[in-house]
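Overview (structure and organization)
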Amino acid sequence: MSKILDAFLNENLEALRDQGLYNEIDAVEGANGPIIQVNGKKLINLSSNNYLGLATNEELKQVAKKAIDEYGVGAGAVRTINGTMDLHVKLEEKLAEFKGTEAAISYQSGFNCNMAAISAVMDKNDAILSDQLNHASIIDGCRLSKAKIIAYKHSDMDDLRTKAKEAKESGLYNKIMVITDGVFSMDGDIAKLPEIVEIAKEFDLITYVDDAHGSGVTGKGKGTVKHFGLEKEIDFQIGTLSKAIGVVGGYVAGKKNLIDWLKVRSRPFLFSTAVTPGDVAAITRAVEMIMESTELHDRLWENGDYLKAGLKKLGFEIGASETPITPCIIGDEKLTQQFSKRLVEEGVYAKAIVFPTVPKGTGRVRNMPTAAHTKEMLDDALAIYEKVGRELGVIN
Ligand SMILES: *Cc1c(COP(=O)(O)O)cnc(C)c1O
């Protein structure tokens, strides 16, 4: 190994470990369901993004197995050579129907999607107005495009309007885009899309909504854009197939000319192998299931509301979430870590999220209830929260 690399790695790893910032990763022994096993111990799982419980759905497992039998385990090539199977075409038709758009294009992940889509359209002569709390993949996608990135204060529509006006009137940019998460994953708040659309109209902005945490959850399952009835107003509707949909992948839904352009200009589509047949078949069926019935969606919200009410009643600070995402705000970073560690010891797997992921002094344990949790599991989790909360003086 290069001496310079070796020194760099050792020095920086040691610094992280000293500061308690090195993340040790726990392996889940078995499926990622409402109960998981970690280090031989069964835990109530409040950390997954498997909102509807579809990651372990029996019907989806059968659909994936059947597709593997018929098509094999791999797509064999990138989409543009001969990795596009009829399964991918069917999925993209279904996604367009799901999102109420003319067309859709699928990618290998939601992260990939933001790498692909932003830089296919924006370049160094353009500007992007980006919510301060946007997801890392949006930030990286913006950087890759080389456009001027102008961050606006989180969901602050006055700040967005001021910055949009400045950018427009400067005359410096060919195109200006506004880009936001649909649902913000740290607090569970929803982007103010009606105001964003209004500002976009006023200043000719391209609109881009990454609804990774919204699809399957908001808008009766159809997402945040649908929730506000803005399918015709948002240019790029981005989603992931790995959270509520339960499998893996990402997509852009929009007008046909946009999707046609992405098929010839977005690099992860052109230069990275297509998603596997088993995954694509399971995803297509999962999207159908969400469109056919709101049963899982309804159970998710019921469980989210139940957990929120329970934590609040115990005296915890749960923030202003508008979705099932339920932060339990502890404040101090060290105390938050300790709280999460004690929860795990007592039987609840809920991760601590601290600075720099969230602002200093707002450390929290984030709970992600799903449709697959039973009331009994949530009651058990609440009892453990009560015990640990009292023990550490977070509640009285
Ligand atoms: C999780 C997330 C992604 C990444 O999605 P993957 O499919 O897991 O790569 C992208 N954008 C947002 C807003 C997310 O929350």
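Residues numbered from 1 in each chain as written. Predicted model: local features only at pLDDT ≥ 70, side-chain atom pairs only at ≥ 80, totals over all residues. Heavy atoms only, no water.

Per an unreviewed UniProt entry, the chain goes by the name Glycine C-acetyltransferase and belongs to Ureibacillus yapensis. Reading the Cofactor (unreviewed entry) entry of the UniProt record for the chain gives the comment "pyridoxal 5'-phosphate". (UniProt positions renumbered as here; feature names shortened; annotations may be inferred.)

Time to look at the overall build of the chain. Tallying secondary structure elements over the chain gives 15 helices and 13 strands in all. Taken against the 2.2 N^0.38 rule, which gives 21 Å for 396 residues, the C-alpha radius of gyration of the chain at 22 Å falls within 12% of a compact globule. A total of 396 residues make up the chain; the buried ones form 52% of that total. The long-range fraction of contacts in the chain, counting pairs at least 24 apart against all pairs at least 6 apart in sequence, stands at 71%. Accessible surface, the chain: about 18400 Å² in total, of which carbon and sulfur atoms supply 52%. Positive and negative charge centroids in the chain, built from 48 and 56 side chains respectively, lie 2 Å apart. (Helix = DSSP H or I, 4+ residues; strand = E, 2+ residues; numbered from the N terminus. Rg over C-alpha atoms; globule rule 2.2 N^0.38 Å. Buried < 20%, exposed > 50% of the residue type's maximum accessible area, 1.4 Å probe, protein only. Contact = heavy atoms within 4.5 Å. Areas by Shrake-Rupley, 256 points an atom, 1.4 Å probe, with all protein chains shown as cover. Lys, Arg positive; Asp, Glu negative; His and termini not counted. Charge placed at Lys NZ, Arg CZ, Asp CG, Glu CD.)

Counting through the fold element by element, Glu231 comes out in the loop between α9 (224–227) and β8 (236–240). A distance of 3.3 Å separates polar atoms of two side chains, one belonging to Glu231 and the other to Lys226. Apart from the residues lying within four places of it in its own chain, the contact partners of Glu231 are Lys99, Gly100, Val225, Lys226 and Gln237. (Polar contact = N/O pair within 3.5 Å; in protein donor to acceptor, adjacent residues only side chain to side chain.)

With that settled, the discussion passes to helix α12 (residues 277–292). The first and last C-alpha atoms of α12 sit 23 Å apart over 16 residues, in line with the 22 Å expected at 1.5 Å per residue. Among the 16 residues in α12, 13 count as buried, and that is most of the element. (Expected span 1.5 Å × (residues − 1).)

With 32 residues, the main nonpolar core has Tyr51, Leu52, Leu54, Leu95, Phe98 and Ile245 as its most contacted residues. For this core, the secondary-structure elements that each account for two or more residues are α2 (58–71), α4 (86–99), β9 (250–254) and α12. Top element by residues in this core is α12. It accounts for seven residues. Built from parts of two domains, this core gets at least three residues from each of domain 1 (16–45 + 294–391) and domain 2 (58–292). For Tyr51, the residues in contact, after removing those within four places along its chain, are His213, Val217, Lys243, Ala244, Leu300, Ile325, Met368, Pro369, Thr370 and Ala371. One finds Ile118, Val121, Ile206 and Leu262 within the second-largest nonpolar core, a separate group that totals 25 residues. (Core = buried A, V, L, I, M, F, W, Y, C linked by side-chain atoms within 4.5 Å. Domains from an automatic or database assignment.)

Attention now moves to the packing of aromatic side chains. One pass over the full model with this rule turns up five aromatic pairs. Between Phe316 and Tyr385 the ring centres are 5.4 Å apart and the planes differ by 80 degrees, which places this aromatic pair in the edge-to-face class. In this pair, Phe316 sits in the loop between α13 (295–314) and β10 (326–331) while Tyr385 sits in helix α15 (residues 375–391), placing the two residues 69 residues apart along the sequence. Since its relative accessible area comes to 5%, Phe316 is described here as buried. For the pair Phe339 and Tyr385, a centre-to-centre distance of 5.7 Å together with 40 degrees between the ring planes defines the contact as tilted. (Phe/Tyr/Trp six-rings, centres within 6.5 Å; stacked < 30°, edge-to-face > 60°.)

Hydrogen bonds between backbone atoms are what pair the strands of a sheet, whose relative direction is either parallel or antiparallel. With mixed pairing, the three strands of this open sheet are ordered in space as β1-β2-β11. The sheet is open, and its two borders are formed by β1 (35–38) and β11 (348–349), each paired with just one other strand. Strand direction decides the pairing type here: β1 and strand β2 (residues 41–45), joined by four bridges, are antiparallel. Bridged to Gln37 within β2 is Lys42. Against the sheet, α15 touches β1, β2 and β11, its axis set at about 100 degrees to β2. (Pairing = 2+ DSSP bridges. Axes fitted to C-alpha atoms, helices over the stretch in contact; angles between N-to-C directions.)

For the rest of this paragraph, the subject is helix α14 (residues 333–346). With 14 residues, α14 ought to run about 20 Å at 1.5 Å a step, and its terminal C-alpha atoms sit 20 Å apart, in line with that. Once α14 finishes, Gly347 follows within two positions and takes phi at roughly 120 degrees, a positive value.

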